[in-house]
Amino acid sequence: MTRLLRYILLPALFVLALIGTLIYSLTWRPDARETLPVSCTGQPPTLVPGQALKVMTWNVQYLAGKRYVFWNDLAQGDDEAPTPEDMAFSLDEVARVIRDEQPDVVLLQELDDGAKASDYQNQLKLLQERLTDLYPCSAHAFDWKADFVPDPHIFGSVGRQLATLSRFRIEHAERLQLPVQPANLISRQFQPKDALLATTLPLSDGGQLVVFNTHLDRATQPDDTLQAQVTAVAKVLDKHESHGTPWLIGGDFNLLPLGQYRRLPTEQRTPYSADSALHVLWDKYPMIPTNNEASGIDRAKWLTHYPNDPGLNGPDRTVDYLFYSPKIKRVEATVRQDDTLRISDHLPVIARFLLPPN
């Protein structure tokens, strides 16, 4: 190597190594499977076989409220962050709705913790302070985390979580990594890392109920990521079903039910495919809402997503669901729409079940 090349290459290699070290230190690489801490206070009750169980799933959109069209929304607005006043309003409203419904298990998506855009709030902690008497047990898992993201719209930290609150005892929690969008080595470090938050609730007869919480990829164009994620979810559920363990899963799946794709205006179809990857789950497991409910004569009652878009004046699609083991019996279900349209761009899905008897 000539002296000139040495003078050029060595500093360049040093700079690349420095950049690589910086990126590594600022970003997050979770394991494929991680055991999570469980928080339980006092002596919460234990589930009993055959009992009723009320479950709510809700993407609360980092408490941003509905006065914005964000840069990463499909409508591509100019907004980058909500005001503290709007987040305070949404926090109170989320707590109000949960307190009014009093579900036994609450599955929440898009709660921020340490994110620049949401004023570095720990939103789960803020919410728990308002619900401490209802939910002695909880577990949470990040699905997006970095100390700094260089995107001009973010240019700071991100931290977004799944959180499960329970009136009943949780004895174990895990984070299960799902497939992520394909990207180059550097971009991949900064992107969301969708996951399953699995919580195990013991039954008084020695059995277990496993509750999953998830938020699947928010695609801007159809690709194979959602298909891979749904396939991975199905594999986990199949394992529990084959072992005879009852389970529930809820969350924001970012996928349409049968029949809704063609009802959307052409410009609103962009993130979706006519053949929803969700069929991998509904082909074998019961779903709330069902395809008949979500695309039938009363479909308006089952819409769960109100996109941030000035051209829309209400919810227009279903992307949030509950799936459950056939061993569990559905009693009733609803999407709470009447007083939740200004809280988040998603609406809470609520169902009451009967657990399998002995």
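What counts and what doesn't
- Residues numbered from 1 in each chain as written.
- Predicted model: local features only at pLDDT ≥ 70, side-chain atom pairs only at ≥ 80, totals over all residues.
- Heavy atoms only, no water.
- Helix = DSSP H or I, 4+ residues; strand = E, 2+ residues; numbered from the N terminus.
- Rg over C-alpha atoms; globule rule 2.2 N^0.38 Å.
- Buried < 20%, exposed > 50% of the residue type's maximum accessible area, 1.4 Å probe, protein only.
- Contact = heavy atoms within 4.5 Å.
- Core = buried A, V, L, I, M, F, W, Y, C linked by side-chain atoms within 4.5 Å.
- Arc of directions from axis to C-beta.
- Pairing = 2+ DSSP bridges.
- Axes fitted to C-alpha atoms, helices over the stretch in contact; angles between N-to-C directions.
- UniProt positions renumbered as here; feature names shortened; annotations may be inferred.
- Parallel < 35°, antiparallel > 145°, perpendicular 65-115°, else oblique.
- Left-handed = near helix turned anticlockwise from the far one by under 90°.

**A closer look at the overall build of the protein**
Piece 1. Helix and strand counts for the protein come out as 7 helices and 14 strands.
Piece 2. Relative to the compact-globule value of 21 Å for 358 residues, the protein shows a C-alpha radius of gyration of 21 Å, a close match.
Piece 3. Taking the principal axes of its C-alpha atoms as reference, the protein extends roughly 80 × 50 × 40 Å.
Piece 4. Buried positions account for 53% of the 358 residues belonging to the protein.
Piece 5. Sequence-distant contacts in the protein: of pairs separated by 6 or more residues, those separated by 24 or more amount to 75%.

**What about the nonpolar core?**
Piece 1. Residues Phe 212, Ile 249, Leu 278, Leu 281 and Phe 323 are the most contacted members of the largest nonpolar core, which totals 26 residues.
Piece 2. Contributing elements (two or more residues each) for this core: β8 (195-202), β9 (208-215), α5 (225-242), β10 (247-252), α6 (279-282) and β12 (320-324).
Piece 3. Of all the elements, α5 adds the most residues to this core, at 5 residues.
Piece 4. Core analysis: the second largest hydrophobic core is formed by 25 residues, Val 211, Leu 248, Leu 322 and Ala 333 among them.

**Focus on the side chain of Ser 90**
Piece 1. Locating Ser 90 in the fold gives a position in helix α2 (residues 84-101).
Piece 2. Dropping the residues within four chain positions of it, Ser 90 is found in contact with Leu 63, Ala 64, Gly 65 and Ile 343.

**Structural notes on helix α3 (residues 123-131)**
Piece 1. When we look at burial in α3, the residues that qualify are Gln 123, Leu 124, Leu 127 and Leu 131. When α3 is viewed along its axis, its buried side chains cluster within an angular range of 95° and face the same direction.
Piece 2. On the buried face of α3, the contacting elements are α2, β4 (105-112), β5 (137-149) and β6 (156-166).

**Structural notes on the sheet that holds β9**
Paired through backbone hydrogen bonds, the strands of a sheet run either parallel or antiparallel to each other.
Piece 1. The 7 strands are arranged β1-β7-β8-β9-β10-β12-β11 in an open sheet whose pairing can be described as mixed. Only two strands of the sheet have a single neighbouring strand rather than two, namely β1 (33-35) and β11 (287-288).
Piece 2. Here 6 bridges tie strand β7 (residues 172-177) to β8, and the two strands are oriented antiparallel to one another. Counted as the bridge partner of Glu 174 is Ala 198 from β8.
Piece 3. Contacting β7, β8, β9 and β10, α5 runs over the sheet at an angle of about 165° to β10.

**Here we look at the UniProt feature "domain: Endonuclease/exonuclease/phosphatase" (unreviewed entry) in the protein**
Piece 1. Under the UniProt annotation, "domain: Endonuclease/exonuclease/phosphatase" (unreviewed entry) lies at residues 56-346.
Piece 2. Secondary structure within residues 56-346 divides into 21% helix and 27% strand; the distance between the first and last C-alpha atoms comes to 13 Å.

**Quick notes on the sheet that holds β6**
Piece 1. Read across the sheet, 7 strands follow the order β2-β5-β6-β4-β3-β14-β13 without closing on themselves; strand pairing throughout is mixed. The open sheet terminates on both sides in strands that have one partner only, identified here as β2 (39-40) and β13 (329-335).
Piece 2. Pairing of β13 with strand β14 (residues 349-354) involves 6 bridges; the strand directions are antiparallel. When the sheet's bridge partners are listed, Val 335 is paired in β14 with Val 349.

**Overview of the packing of α2 against α3**
A pair of packed helices can be characterised by two numbers: the angle between their axes and the separation between those axes.
Piece 1. For the pair α2 and α3, interaxial distance at closest approach is 10 Å and the crossing angle is 45°. Regarding the angle of α2 to α3, the classification is oblique. Classified by chirality, the crossing of α3 by α2 is right-handed. Within the contact between the two elements, α2 uses Met 87, Leu 91, Asp 92, Val 94, Ala 95, Ile 98 and Arg 99 and α3 uses Gln 123, Leu 126, Leu 127, Arg 130 and Leu 131.

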